[in-house]
Structures are given as structure tokens and as C-alpha cells.
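Coordinate inspection notes
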Amino acid sequence: MPKCYQTRRITLSACHRLHSPHLSDEENKRVYGKCNHINGHGHNYIVKVTLFGEISPTTGMLMNLTDLKLYMEEAIMKPMDHKNIDKDIEYFRDKPSTTENVAVFIWKRMKDVMDHPEWLFEVEIYETENNIVRYRGD
């Protein structure tokens, strides 16, 4: 059976403050610079979720994109869009909301909501047009 990659892209807006509970205030300032500002800052994140698997001979699709859209809405948009990542998402109570950690969070959420989590191949996040993180469950 032929296999393919399938990607869907969404944009969400959220704010956060880069601050690690494992560092002193001075260390946080040194490590994160202006991104450690006490009141935080925001991003318009672009998130791409890529699946990989066999194309169904019946439907001609890996996954119906309507289903993938619903999964992404549940796993990503509901908990994150127009939210304060650090204050509104329990996952970030004990870890800094770096793009790397956001990618891991999204990966775990997608795995939880998908009917075929084994198809999840990659989560790619553009924090800015220049700062991009890819996570593949490693």
C-alpha cells in the first residue's frame, strides 16, 4: 500500500513568559533576556501537524482533513488560542514555555485525541518567521 505525508497548518495567538522555576531570577534574566519580562509577551504561532501512513484504498486519503482539523481544534486551539500559556495550561506550571516545550505539549495532546495516534509524524511550530521548532516524539 502506498504511504504519504499529510500536513495541516493552523495559526494561534498566545502569550507567555520565558521563566524557569529551576533558575534564580537573575539566571532567568541572563538566559531569556527580554523574553523574561515580568508581564510576558505574545506570538502568533504557526503550527503544522504532519501525519504519515498508508493511503486508504477505500477513501484515497490517509486521514480526512476535516477530522484532522477537529483533532487540532481540540488538542491545540481550545487550550492555547488567546490564552496565557504559563497561567492557563497546567502542563507549564513546572517548566518554561519555550517553543520546544510547546511542541512536546502539542505532540502529547494530539496523541491523546487522535483515533490513529501512530500516524502522528511531526509537530512543527513557527514562533516567529525565524524561530522554528520541529518535534517527532523523540
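Basis of the calculations
- Here the residue numbering is sequential within each chain, running from 1 through the sequence in written order.
- Local features in this predicted model are restricted to residues of pLDDT 70 or higher, and side-chain atom pairs are both shown and tallied only at a pLDDT of 80 or more, whereas totals for entire chains, interfaces and linings draw on every residue.
- To get the side-chain values, all heavy atoms of the structure are used, and hydrogens and water are removed first.
- Among buried residues, the Ala, Val, Leu, Ile, Met, Phe, Trp, Tyr and Cys ones that are joined through side-chain atoms within 4.5 Å form a nonpolar core.
- For the exposure calls, accessible area comes from a 1.4 Å probe over protein chains only, and a residue counts as buried if that area is under 20% of its type's maximum, exposed if over 50%, partly exposed in between.
- Counting from the N terminus, the helices are the DSSP runs of H or I reaching at least four residues and the strands are the DSSP runs of E reaching at least two.
- At least two bridges found by DSSP between two strands are what make those strands a pair.
- Whether two residues are in contact is decided by their heavy atoms: any pair within 4.5 Å suffices.
- Note on geometry: axes are C-alpha line fits, over the in-contact stretch for helices, and angles between N-to-C directions span 0 to 180 degrees.
- Multiplying 1.5 Å by the residue count of a helix minus one yields the expected span of that helix.
- Note on aromatic pairs: the rings of Phe, Tyr and Trp (six-membered ring only in Trp) are paired at centre separations within 6.5 Å, and the planes decide the class, stacked below 30 degrees, edge-to-face beyond 60, tilted for the rest.
- Any Lys NZ or Arg CZ found within 6 Å of a ring centre and within 35 degrees of that ring's normal is scored as a charge over the ring.
- Only one rule defines a salt bridge in this text: a Lys or Arg side-chain nitrogen within 4 Å of an Asp or Glu carboxyl oxygen.

Before going further, it helps to examine the nonpolar core. Grouped together as the largest cluster of nonpolar side chains are 34 residues, with contacts concentrated most on Val47, Val49, Leu51, Ile76, Met80, Ile106 and Met110. For this core, the secondary structure elements donating two or more residues are strand E1 (3-16), strand E2 (41-54), helix H2 (65-80), helix H4 (99-113), strand E4 (120-126) and strand E5 (132-135).

A word on the sheet that holds E1. Pairing is mixed across the open sheet formed by 5 strands, whose spatial order is E3-E1-E2-E4-E5. Edge positions in the sheet fall to strand E3 (83-84) and E5, since each of these pairs with one other strand and no more. With 4 bridges joining them, E4 and E5 adopt antiparallel strand pairing. Paired with Tyr126 across the two strands is Ile132, which belongs to E5. Seen against the sheet, H4 touches E2, E4 and E5 and runs at an angle of roughly 145° to E4.

Right, let's talk about H4 for a bit. Its 15 residues place the ends of H4 21 Å apart at the C-alpha level, agreeing with the 21 Å of an ideal helix rising 1.5 Å per residue. Taken residue by residue, H4 has Thr99, Val102, Ala103, Val104, Phe105, Ile106, Trp107 and Met110 as its buried positions. Along its buried surface, H4 packs onto E2, H2, helix H3 (85-88), E4 and E5.

Before going further, it helps to spend a moment on the pairing of E5. Across the two faces of E5 the burial differs, with Val133 and Tyr135 buried and Ile132 and Arg134 not buried at all. With antiparallel pairing between neighbouring strands as the criterion, E4 and E5 make up a hairpin whose turn holds 5 residues.

What follows is about the packing of aromatic side chains. Enumeration according to the criterion identifies 7 aromatic pairs in this entry. For the pair Phe52 and Phe121, a centre-to-centre distance of 6.3 Å together with 55° between the ring planes defines the contact as tilted. Highlighted residues: Phe52 in strand E2 and Phe121 in strand E4, separated in sequence by 69 residues. Look at Phe52 and you get partly exposed, because its relative accessible area is 28%. Judged by relative accessible area, Phe121 falls into the partly exposed class, the value being 24%. Relative to Tyr135, the ring of Trp107 lies with its centre 5.5 Å away and its plane at 85°, an arrangement referred to as edge-to-face. With Trp107 in helix H4 and Tyr135 in strand E5, the pair connects residues that are 28 residues apart, well separated along the chain. Pair check on accessibility: Trp107 and Tyr135 agree, each one buried. The ring of Tyr91 has Lys95 sitting right over it, with the charged end atom 4.0 Å from the ring centre.

Turning our attention to the pattern of salt bridges. As enumerated under the stated definition, the model contains 5 salt bridges in all. The shortest N-O distance in the salt bridge between Arg93 and Glu90 comes to 3.6 Å. By relative accessible area, Arg93 is classed as partly exposed at 48%. Where Arg134 meets Glu124, a salt bridge forms, and the shortest distance between an N and an O atom there is 2.8 Å.

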